[in-house]
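A look at the structure
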Amino acid sequence: MASITAKPFRLALLQLGSLTSSKANNISVAKRAVEEAASSSPKPNLIVLPEIWNSPYAVNAFREYSEKIPKIGSKNGEVGDEGETVKAMRQMAINNNVWLIGGSIPQKDERTDEIFNTCTVYDPDGTLVAIHQKVHLFDIDIPGKQTFKESDTLTGGKTLTTFVTPFGKIGLGICYDIRFPEMATIAARQGCVAMIYPAAFNTTTGPMHWSLLQRGRAIDNQIYVAMCSPARHPEASYQAYGHSMVVNPLGDILVEAGHQPTTVYADIDVDLLATTRRNLPITIQRRFDVYPDVAEKFL
Ligand SMILES: NC(=O)CCC(=O)C(=O)O
């Protein structure tokens, strides 16, 4: 297990409301919410947007709203042909001097013509520091309740994603990815202090599993877990659950939104990781002689 190096930090989850079919509107909504969160006191270090916030969450919309995303390491002003949402997110990070997990947006790979559900992360200089393409596509059919098939238009990503900040290493997943516990376990064993998932559960699966999944991932791995959802929108074809949430390594819910537009904040106390791991020493009691270390090939 990699050791954890981290400092206390403050997290803000933006549960955006007033999202429409206008990308320009959605960018303005996000920009305002980032400004408001960044000007709150104490100022958050890391701000998170929800899943697919610049486009309707609908399989037939993803291609139309998709954008080109430049390479990791690309800097502000260096890239001429990046999409308008990426440009806007860089500016949000720079203008507010914060780290920004840009939720997710539909990404077009111009080389292969594939569309991905993609999260980008920016440092306070606007440098693109991480890209996570949703690995597990949300294909479910609960008759009479919830049917969705991302794979109709999206392609699944093939890599796991972590990034390093001055306050610690963070693991990324997107929504349905949380149902696959290996991702969080690998991130924890690579030294991540938190797994953060831009997300959009719905009114069927949200009440069933939203909170349990986060608490489970947190307790199993003794890390912080956060999910950031859009607010519910009565006119949308997909009813997002809301309830943006942060859970600590003991599985306690630190903060939970309702379903209305709001921003929730949580202070990440890194000492609690060490205390939890000392008091419940599962990280040093694993029996890799009985089962292999799932993280080994990624370390
Ligand atoms: N956008 C998603 O991946 C939704 C996942 C979801 O609702 C679930 O229950 O899992």
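One can find the structure itself at the top, above this paragraph.
Treat the numbers as computed from the prediction; the structure is a model and nothing was measured. (Residues numbered from 1 in each chain as written. Predicted model: local features only at pLDDT ≥ 70, side-chain atom pairs only at ≥ 80, totals over all residues. Heavy atoms only, no water.)

Those residues of helix 6 (residues 271-279) lying buried are Leu272, Leu273, Thr276 and Arg277. Down the axis of helix 6, the buried side of the element spans an arc of 130°, and every buried residue falls inside it. Counted as exposed and oriented over 90 degrees from the buried face of helix 6: Asp271, Ala274 and Arg278. Tucked inside the fold, the buried residues of helix 6 contact strand 11 (192-198), helix 5 (205-221) and strand 12 (224-228). (Buried < 20%, exposed > 50% of the residue type's maximum accessible area, 1.4 Å probe, protein only. Helix = DSSP H or I, 4+ residues; strand = E, 2+ residues; numbered from the N terminus. Arc of directions from axis to C-beta. Contact = heavy atoms within 4.5 Å.)

It is worth spelling out the pairing of strand 5 (residues 114-122) at this point. Most of strand 5 is tucked away, with eight of its nine residues classed as buried. When strand 3 (residues 99-101) meets strand 5, the two strands line up antiparallel, connected through two bridges. Counted as the bridge partner of Leu100 is Tyr122 from strand 5. With five bridges joining them, strand 4 (residues 105-109) and strand 5 adopt antiparallel strand pairing. Pairing of Ile105 across the sheet is with Thr118, part of strand 5. In this structure, the hairpin formed by strand 4 and strand 5 is closed by a connection of four residues, where Asp113 is found at a positive phi of approximately 70°. In terms of strand pairing, strand 5 meets strand 6 (residues 128-133) through five bridges, oriented antiparallel. (Pairing = 2+ DSSP bridges.)

A word on the packing of aromatic side chains. All told, the structure shown has 13 aromatic pairs when counted by the stated rule. Considering the side-chain rings of Tyr57 and Phe148, the 4.4 Å spacing of their centres and the 0° angle between planes classify their relative orientation as stacked. Of the two residues, Tyr57 is situated in the loop between strand 2 (46-48) and helix 2 (62-65) and Phe148 in strand 8 (residues 146-149); the sequence distance between them amounts to 91 residues. Clustering of aromatic rings is evident, with ring pairs tying together Tyr57, Phe62, Phe138, Phe148, Tyr176, Phe180 and Tyr238. (Phe/Tyr/Trp six-rings, centres within 6.5 Å; stacked < 30°, edge-to-face > 60°.)

Once that is clear, we can look at the site of the ligand. Taken together, Glu51, Tyr57, Lys134, Phe138, Cys175, Tyr176, Arg179, Ala200, Phe201, Asn202, Thr205 and Tyr238 form the complete shell of residues around the ligand. Between Glu51 and the ligand, the recorded distance is 2.9 Å, taken from a side-chain N or O atom to a nitrogen atom. Within the contact set of the ligand, a nitrogen atom lies 3.4 Å away from a backbone nitrogen or oxygen of Ala200. In isolation the ligand offers 290 Å² of accessible surface; the protein chains occlude 100% of this area. Of the residues that constitute the shell around the ligand, the class distribution is seven nonpolar, two polar and three charged. (Near = heavy atom within 4 Å. Polar contact = N/O pair within 3.5 Å; in protein donor to acceptor, adjacent residues only side chain to side chain. Areas by Shrake-Rupley, 256 points an atom, 1.4 Å probe, with all protein chains shown as cover. Nonpolar A, V, L, I, M, F, W, Y, C, P; charged D, E, K, R; others polar.)

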